[in-house]
Amino acid sequence: MKKAPVVIKGNKSGIRIVLDSEMEFEALLEEVKKKFSSGAEFLGNAQVAASFEGRDLSEDEERVLLQCISEYSKLDVVCVIDNDKKREEYFTKSLNERLMQMNSNSGQFFKGNLRSGQVMEFETSIVILGDVNVGAQVVSTGNVIVLGSLNGTVYAGASGRKNSFVVALKMNPIQIRIADIIARSADEKTVPPSEPQIAYLDNDVIYVDTLSRKTLTDINI
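My aim in this report is to walk through the structure given alongside it, one point at a time. In this text the structure is predicted, and so the values were computed from the model without any measurement.

Looking only at helices and strands, the protein chain has 5 helices and 15 strands in total. For the protein chain, buried positions account for 46% of its 221 residues. Considering only contacts in the protein chain between residues 6 or more positions apart, those separated by 24 or more positions represent 41%. Accessible surface, the protein chain as shown: approximately 11,800 Å² in total, 47% of it carbon and sulfur.

Laid out in structure tokens, this is it:
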């Protein structure tokens, strides 16, 4: 049986879009239009996290696909998750140095784990040397960096700063908010990525990407 050029997997809270690796992009785009148009009623009206799989996409191609999904379905993609395991080597020593440099003049450090029910608010960027557990909340006017597991709720850019970002060594939050944009985790829990990740805003969409030198260079932070 011939494999479909576009396959949609998931539920109303999160979708995986598997794309043909060899089809010309313009032809693939038409297939995406057909798929989401015909499945609009089934997919329903929901805010979702999405991931593109099966082929490498440029940023422009990804934006075109997101616009297509918005036009031909009722879905609101609020978070794009990068699952490409072949990107450049993951964040190590140089990444830590870059993050610390960003926050050394205007940030604070907190050492310890945040438990359920704890709420911490900061007037600067914050680097947390520990875990943010389910039920805990971190609010910062700047950036939030968790050198541990992020399993709770985080609000960066509380002052309205859209170029704020959230970083975690293990990114598995209940909810992320940057400025006035909110992304929630899918109802169906998955194993969190083992690589450090960064969440940031681009055109009022929260993207979650593997943290690397290239990511820090490309995004507006």
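Past the structure itself, the notes keep going.
A separate point is the packing of aromatic side chains. Inspection of the entire model under this criterion finds 1 aromatic pair. When the ring of Tyr200 is compared with that of Tyr207, the centres are 5.9 Å apart and the planes differ by 20 degrees; the resulting orientation is stacked.

Inspection of the secondary structure assignment puts Asp131 in the loop between strand S7 (125–129) and strand S8 (137–140). The sequence separation of Asp131 and Arg115 amounts to 16 residues, and the corresponding C-alpha distance is 8.5 Å. Looking at Asp131, its side chain comes within polar contact range of the main-chain nitrogen of Ser149, at 2.8 Å.

Here strand S10 (residues 153–156) shows a buried face lined by Thr153 and Tyr155 and a second buried face lined by Val154 and Ala156. Note that S8 and S10 share 3 bridges and pair parallel. Pairing of Gln137 across the sheet is with Thr153, part of S10. In terms of strand pairing, S10 meets strand S12 (residues 175–178) through 4 bridges, oriented parallel. Bridge pairing in S12 places Thr153 opposite Gln175.

Moving on: the pairing of strand S9 (residues 144–150). In terms of burial, S9 is largely enclosed, as 6 of its 7 residues are buried. Relative to S9, S7 runs parallel, the two sharing 3 bridges. Directly across from Ile126, in S9, lies its bridge partner Val144. Two elements, S9 and strand S11 (residues 165–171), share 5 bridges in a ladder whose sense is parallel. In the sheet register, Val144 faces S11, and the bridge partner there is Val166.

Thresholds applied
Residues numbered from 1 in each chain as written. Predicted model: local features only at pLDDT ≥ 70, side-chain atom pairs only at ≥ 80, totals over all residues. Heavy atoms only, no water. Helix = DSSP H or I, 4+ residues; strand = E, 2+ residues; numbered from the N terminus. Buried < 20%, exposed > 50% of the residue type's maximum accessible area, 1.4 Å probe, protein only. Contact = heavy atoms within 4.5 Å. Areas by Shrake-Rupley, 256 points an atom, 1.4 Å probe, with all protein chains shown as cover. Phe/Tyr/Trp six-rings, centres within 6.5 Å; stacked < 30°, edge-to-face > 60°. Polar contact = N/O pair within 3.5 Å; in protein donor to acceptor, adjacent residues only side chain to side chain. Pairing = 2+ DSSP bridges.

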